[in-house]
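Listed below are the residues making up each chain.
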Amino acid sequence: MNFLNVFCFMNLPSIEKETLEFWRKESIFKKSLERTKNGPRFVFYEGPPFANGLPGIHHLLTRAFKDVILRYKTMQGFYVERKAGWDTHGLPTEMEAEKKLNIRFKKEIEQMGIEKFIEESRRSVFTYKKEWEEFSERIGFWLDFDHAYITCDNSYIETLWWILKQIWQKGFLYQDYKVVPYCPRCGTSLSSHEVAQGYKKIKEPAITARFELVDEPETYFLAWTTTPWTLPANVALAVNPEIDYVKFSLNNHPEFPQGVYIVSEKKFNDYKNDIKNKKTPEAEFKIIDKFKGSQLIGKKYKPLYKNEAPYKVVGAGFVSVEEGTGIVHIAPAFGEDDMSVGKENNLPVLMTVDEDGKFIDGIGEWKGIFVKNADPLIIDNLRKRELLFQEEMYEHDYPFCWRCKTPLLYYAKNSWFINVSRVREQMIKNNETVNWVPPHIKKGRFGEWLNEIKDWNLSRERYWGTPLPVWECEKCKKRVCVGSVRELEEKSGQKMNNIDLHRPFVDNVVLKCECGGLMKRVPEVIDCWFDSGSMPFAQWHYPFENKDKIDNGEFFPADFIAEGMDQTRGWFYTLLAISTLLGKGAPYKNVISLGLILDANGQKMSKSRGNIIVPKEVVEKFGADCARLYFYTINKAGEAKKFDFKEVQSLYRKFFITLVNSYAFFSTYVEGGFEFKKELCSGNLLDRWIVSRLENLKHQVIKNLDKYDIVSAARFLVDFVDDLSNWYIRLSRRRFQKPETEKEKEEASQTLYYVLLNFIKLTAPFTPFVSEYLYRKLKDGEGSVHLADYPKPDKSLIDAKLEKSMAQVREIVAQALAKRSAAGIKVRQPLSVLKLKDGAWGELKNDNNRELLSLIKQEINVKNVIFDGSISENIELDVEITPELKEEGLLREIVRQIQIMRKKANLKPSDKIFIIYDGEVSATKILEKNKEFILREIRAVGIERGKKEGINQGIEIKVDGGAVWLGIKGVSQ
Ligand SMILES: [Zn+2]
Ligand SMILES: [Zn+2]
């Protein structure tokens, strides 16, 4: 079978490039949309990437999962419009602009001028747009880049303004002085979903400080903190009124200063146990008093840094005994809980840190030092002043800026918030309607996130973003929210023909207040996650255009979206929040949430580890189809994926080479002039079986794709190729190569063609390139598989019983071959009998199907297959080789050697040959006795004893210990 050699060199990447050329030339994507434009809509939302970085391997993953569904629905006749989208605003872009302009600090932007910064930001938005488009095309992700939505377009911003005004009118948009996560390098606060993207495990010093009681000198409260830099802003200590505390004296401790201390009872016991474990029995602990926290409230202590009014102890329910001493140092400027305790107790807010994260004047020697760098200085200072009780290293998760990696600070400032907690219940309800893949995301990762959502910190004290459309009167402080360009014109009395809705241009628009004063825009821009979360509306410039299409459900909600698991705190969340705020219900019906990609050893990919997998390399080496199918089959969609080139390669062989070879077999043996007849009529067992398998496969694939279970669907496809090639084609070979009748070959050819064509249609959404390539081969270069209808199962062709029996046949064969191999007997050596245990192979016995049993005979080369109730195992193979069996085995060996020679001589199956042999009489008698058989098997024209002259190929083999020489001659006709 020469074709095997030819197609082993099948090169998927080059097939793909050829296919891309065809798609481009014939505008197949466009045609697929035209073909379906009157069909029902299937709504898909594309999560917008930032085009100022290159696509990574995880983009290949998500795009593969998106594309398969979109192609599937298109083939089913749905109209699947798929606008590309670009995320453009916010820190990711600003970081690029800063790099280009050599800016290190926020102040430098203002010094240079906002306009210049905005210009540079706009320029860097599309740095890698071309690469993204080429990448998407190369991996077969069909997306409409010509009508992409762009979050920095005026029309997009106008929709955002409209949405913000809706939220404003509901009273859900408000400004407040709150402690927020804050990036001191970027000079802006961040939202909790941004913070959630950047947690890292770190080890840093935690200290316990001594706070001396005013009325009881030498007696101290002990308070523990992981942020020593917040101590200068301390204004109170908090205890839990319900918790037990003890006052104790401590002497002779090897590490801690002596004194009288107050801590929670639990902490006291910890200290004591610690001492026991360290075996320092000299330390003396003596309990002096024991009481509830409530008795401590109001007690006064000396502040660490000032000698002014004494500070006092307050009660707070959040204080626990889990960590620390049960006494919490309160700095309202730097902690959310601290701020609320401060508000309840009318405590002042001491702001000790500026917006760059550095100490301000008046805190002594640390002015101008970044707070995290000041920690060791503060600890030293406390130690010198004998206010330090303990210093230890503490490991915990700490948030870092998701763009610039600076440690975030919790910092009190004025920010704008959306009161998302007011719609929390509704969001949870809306989430109920969503089909999540994997399903546990609904209640788990996503549901838990929803349960704990806080108000959305919307404002960013930055430049390149959607400006917050709130104007404030300089005189009477009245505020308005502007919801459209037209409203801006009306309120300003100015025409806005060519206005850019960005800063600084929009900052120059002044409105007139009812009071006669002038209104100016507040300086903030908004979180870019609000941009992407608004795309269902903003991509259509809703409600200024396409209002009815969204209101009547044609463009909204999405039937389907797919992104990485991290988007549960990102885009999945912001989409749901905004849609819920607008009272529109869930914005999506089905979500596939994909696991992280790791390297082959399960390590996270990172530049420093040098284990980043570049998608282009994978695609150039194995082809986009192979990378896609690998992701579809590696494991469940939501699980982390260890990317292993060895597995990609094995899939390449197992699926792609096998599939292309199956086609090659067909094209080799079915000569030109073949015409496919739509009616299948073969009664052949194997034909009926493979058709039944195919129809069942259609059913399985459709059922799973409809559930968005792409992995199960893809695995069914991969399994089928094995059945097709390693069972159906292998066992049907003779009917193609040496058919006994024309009808027999015609039946096999019709069946194989039908199966190949339908299978390729089924695989088209998964492996769009190779499917297209083979489809066009089967169709003599006509059409495109992506313009074909997706196959529907013909239930009348399904024979479940036959499939079950055949599965048992394959199982029996596998077991019997294993027994042969264990006994060291080659398959070519015929054996006499295989016994099947009665009752163990019910399907087969009940079927009483001689054809099936003869398949077993043929496959494991036995004379007889019988059922037997007396055997102990499920099968029993008689491995005794009688003289007759031995002779038969030898004959087969001879036939095989001749076939090999014929192949080596490059003779076509249709070329006739003549066989010559020589050797001792005792050894060659087997040839003489079986001349007729050999002639028939090989289709040779003659066989006789002779000499080596004029032969094409020759070989010497051992027969019964004697040597036999064999040769062949090609006979031209
Ligand atoms: Zn930052
Ligand atoms: Zn006013």
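Residues numbered from 1 in each chain as written. Chains lettered and ligands numbered in written order. Predicted model: local features only at pLDDT ≥ 70, side-chain atom pairs only at ≥ 80, totals over all residues. Heavy atoms only, no water.

## With respect to the overall build of the protein
Part 1 of the argument: If you tally the helices and strands in the protein, you get 34 helices and 34 strands.
Part 2 of the argument: Relative to the compact-globule value of 30 Å for 973 residues, the protein shows a C-alpha radius of gyration of 39 Å, a clear excess of over 25%.
Part 3 of the argument: Counting only C-alpha atoms, the protein reaches 120 × 85 × 55 Å along its principal axes.
Part 4 of the argument: Contacts spanning at least 24 positions in sequence make up 78% of the contacts within the protein whose residues lie at least 6 apart.
Part 5 of the argument: Just so you have it, the protein exposes about 42,800 Å², and 48% of that area is on carbon and sulfur atoms. (Helix = DSSP H or I, 4+ residues; strand = E, 2+ residues; numbered from the N terminus. Rg over C-alpha atoms; globule rule 2.2 N^0.38 Å. Contact = heavy atoms within 4.5 Å. Areas by Shrake-Rupley, 256 points an atom, 1.4 Å probe, with all protein chains shown as cover.)

## Topic: the coordination of the zinc ion (ligand 2)
Part 1 of the argument: Taken together, the protein donors to the zinc ion (ligand 2) comprise C473 (SG), C476 (SG), C513 (SG) and C515 (SG), at separations of 2.2 to 2.3 Å.
Part 2 of the argument: The site at the zinc ion (ligand 2) holds four donor atoms, and with the angles between them running 104 to 115 degrees, its shape is tetrahedral.
Part 3 of the argument: When the donor residues of the zinc ion (ligand 2) are listed from N- to C-terminus, their spacing reads C-x2-C-x36-C-x1-C. Of this pair, C473 sits in strand β19 (residues 470-473) while C513 sits in the loop between β21 (511-512) and β22 (518-521), and the two are 40 residues apart along the sequence. (Donors = N, O, S within 2.8 Å, 3.2 Å for Na, K, Ca; no water. Tetrahedral: all angles 85-135°; square planar, octahedral: opposite > 155°, others 65-115°.)

## What to know about helix α3 (residues 28-36)
One turn of the α-helix equals 3.6 residues, which is why residues spaced by three or four share an orientation.
Part 1 of the argument: Every buried residue of α3 is listed here: I28, F29, S32, L33 and T36. Viewed end-on, α3 has its buried residues packed into an arc of 145 degrees, placing them on one side of the element.
Part 2 of the argument: Turning to α3, the residues buried within the fold contact α2 (12-26), α4 (57-75), β2 (144-150) and α28 (768-778). (Buried < 20%, exposed > 50% of the residue type's maximum accessible area, 1.4 Å probe, protein only. Arc of directions from axis to C-beta.)

## Here's the deal with the state of the cysteines
Part 1 of the argument: All told, the structure shown has zero disulfides when counted by the stated rule.
Part 2 of the argument: The thiol sulfur of C152 is not disulfide-bonded, and the nearest other cysteine sulfur, from C528, lies at 12 Å.
Part 3 of the argument: Note on C152: relative accessible area 8%, which makes it buried. (Disulfide = S-S within 2.5 Å.)

## Overview of the coordination of the zinc ion (ligand 1)
Part 1 of the argument: The zinc ion (ligand 1) binds to the protein through C183 (SG), C186 (SG), C401 (SG) and C404 (SG); the donor distances cover 2.2 to 2.4 Å.
Part 2 of the argument: Viewed at the metal, the four donor atoms of the zinc ion (ligand 1) are separated by angles of 103 to 120 degrees, and the geometry they form is tetrahedral.
Part 3 of the argument: All donors of the zinc ion (ligand 1) belong to a single chain; written as a sequence motif, their spacing is C-x2-C-x214-C-x2-C. Taken together, the residues span a long stretch of sequence, with C183 in strand β3 (residues 173-183) and C404 in the loop between β14 (388-399) and β15 (409-418) at a distance of 221 residues.

## Some points on the sheet that holds β22
Part 1 of the argument: If you walk across this open sheet you meet the four strands as β20-β19-β22-β21, and the pairing is antiparallel. Each having just a single partner strand, β20 (479-481) and β21 make up the two edges of the open sheet.
Part 2 of the argument: Here two bridges tie β21 to β22, and the two strands are oriented antiparallel to one another. Across the sheet, L511 pairs through a bridge with M519, a residue of β22.
Part 3 of the argument: Packed on one face of the sheet, helix α9 (residues 154-169) meets β19 and β20 and runs near 130 degrees to β20. (Pairing = 2+ DSSP bridges. Axes fitted to C-alpha atoms, helices over the stretch in contact; angles between N-to-C directions.)

## Notes on the domain arrangement of the protein
Part 1 of the argument: For the protein, the domain assignment lists domain 1 (199-399), domain 2 (618-780), domain 3 (803-877) and domain 4 (887-971).
Part 2 of the argument: Its C-alpha centre places domain 3 at a distance of 32 Å from the equivalent point of domain 4.
Part 3 of the argument: Summed over both partners, the interface of domain 3 with domain 4 comes to about 440 Å²; 45% of that surface belongs to carbon and sulfur atoms.
Part 4 of the argument: Of all residues in domain 3, R828, P830 and K863 bury the most surface against domain 4, accounting for 84% of the area lost on that side.
Part 5 of the argument: At the junction of domain 3 and domain 4, the tally comes to two salt bridges.
Part 6 of the argument: A salt bridge links R828 to E893; the shortest N-O distance between them is 2.7 Å. (Domains from an automatic or database assignment. Buried area = accessible area lost by both parts, 1.4 Å probe. Salt bridge = Lys/Arg side-chain N within 4 Å of Asp/Glu carboxyl O.)

## Digging into the sheet that holds strand β33 (residues 953-959)
Part 1 of the argument: Spatially, the four strands line up as an open sheet ordered β32-β31-β34-β33, and their pairing is mixed. One side of each edge strand has no neighbouring strand; the edge strands of this open sheet are β32 (940-945) and β33. When the angles between neighbouring strand axes are averaged without regard to direction, this sheet yields 20 degrees.
Part 2 of the argument: As paired elements, strand β31 (residues 912-919) and strand β34 (residues 962-971) share eight bridges and run antiparallel to each other. Its bridge partner being in β34, F914 is matched across the sheet by K969.
Part 3 of the argument: Running over the sheet, helix α32 (residues 883-904) touches β31, β33 and β34 and is turned about 160 degrees from β33.
Part 4 of the argument: The sheet contacts of helix α34 (residues 931-938) involve β31 and β32, and relative to β32 the element is tilted by about 145 degrees.

## Remarks on the packing of aromatic side chains
Part 1 of the argument: Tallied over the full model, the rule gives 64 aromatic pairs.
Part 2 of the argument: With centroids separated by 5.9 Å and ring planes inclined at 45 degrees, the aromatic side chains of F248 and Y261 adopt a geometry described as tilted. Of this pair, F248 sits in strand β8 (residues 244-251) while Y261 sits in strand β9 (residues 259-264), and the two are 13 residues apart along the sequence.
Part 3 of the argument: Residue Y261 is classed as buried on the basis of its relative accessible area of 0%.
Part 4 of the argument: Here the aromatic cluster, defined as three or more aromatic residues joined through ring pairs, consists of F622, Y630, F631, F643, F645, Y652, F655, F656, F720 and F759.
Part 5 of the argument: Over the ring of F417 we find K178, and its NZ or CZ is 4.2 Å from the ring centre.
Part 6 of the argument: A cation over an aromatic ring shows up here: R210 above the ring of Y220, its NZ or CZ 4.0 Å from the ring centre. (Phe/Tyr/Trp six-rings, centres within 6.5 Å; stacked < 30°, edge-to-face > 60°. Lys NZ or Arg CZ within 6 Å of the ring centre and 35° of its normal.)

## Some remarks on the environment of V701
Part 1 of the argument: Along the polypeptide, V701 turns up in helix α25 (residues 685-706).
Part 2 of the argument: Expressed as a C-alpha distance, the spacing of V701 and L304, which sit 397 residues apart in the sequence, is 70 Å.
Part 3 of the argument: Dropping the residues within four chain positions of it, V701 is found in contact with A713, L717, F766 and Y790.

## Section: the pairing of strand β12 (residues 311-315)
Part 1 of the argument: In the sheet, strand β7 (residues 236-239) pairs with β12 via four bridges, with the strands oriented parallel. Directly across from L237, in β12, lies its bridge partner V313.

## Brief notes about the nonpolar core
Part 1 of the argument: Within the largest apolar cluster, 145 residues are counted, with the highest numbers of intra-cluster contacts made by F65, I592, F643, F766 and L834.
Part 2 of the argument: A per-element tally of this core places helix α26 (residues 710-737) first, with 14 residues.
Part 3 of the argument: Both domains that meet at this core, namely domain 2 (618-780) and domain 3 (803-877), each give it at least three residues.
Part 4 of the argument: Among residues more than four places away in sequence, those in contact with F65 are F560, I592, L594, F631, Y632, A637, I710 and V711.
Part 5 of the argument: Grouped together as the second largest cluster of nonpolar side chains are 66 residues, V43, V420, F446 and Y542 included. (Core = buried A, V, L, I, M, F, W, Y, C linked by side-chain atoms within 4.5 Å.)

## Observations concerning the packing of helix α23 (residues 624-633) against α26
Part 1 of the argument: For the pair α23 and α26, the least separation of the axes is 8 Å and the interaxial angle reads 115 degrees. Listed contacts from α26 to L629, Y632 and T633 of α23 are I710, V711, A714, R715 and V718.
Part 2 of the argument: Of the residues in the contact of α23 with α26, the class split is six nonpolar, one polar and one charged. (Nonpolar A, V, L, I, M, F, W, Y, C, P; charged D, E, K, R; others polar.)

## Some remarks on unusual backbone geometry
Part 1 of the argument: Between V437 and P438 the backbone carries a cis peptide bond, its omega angle lying at 0 degrees.
Part 2 of the argument: Geometrically, the link from R503 to P504 is a cis peptide bond, its omega value of -5 degrees lying close to zero.
Part 3 of the argument: One can find P504 in the loop between α17 (485-492) and β21.
Part 4 of the argument: One non-glycine residue, K477, lies in the positive phi region at around 70 degrees.
Part 5 of the argument: Of note, K477 is situated in the loop between β19 and β20.
Part 6 of the argument: One non-glycine residue, N546, lies in the positive phi region at around 55 degrees.
Part 7 of the argument: Mapping N546 onto the fold places it in the loop between α19 (535-538) and α20 (547-551).

## Description of the confidence of the model for the protein
Part 1 of the argument: Across the protein, the average pLDDT comes to 92, with 97% of residues at or above 70.
Part 2 of the argument: Throughout residues 1-6 the model reports pLDDT below 50, and contacts reaching past four residues in sequence, or to other chains, amount to twelve contacts. (pLDDT = per-residue confidence, 0-100.)

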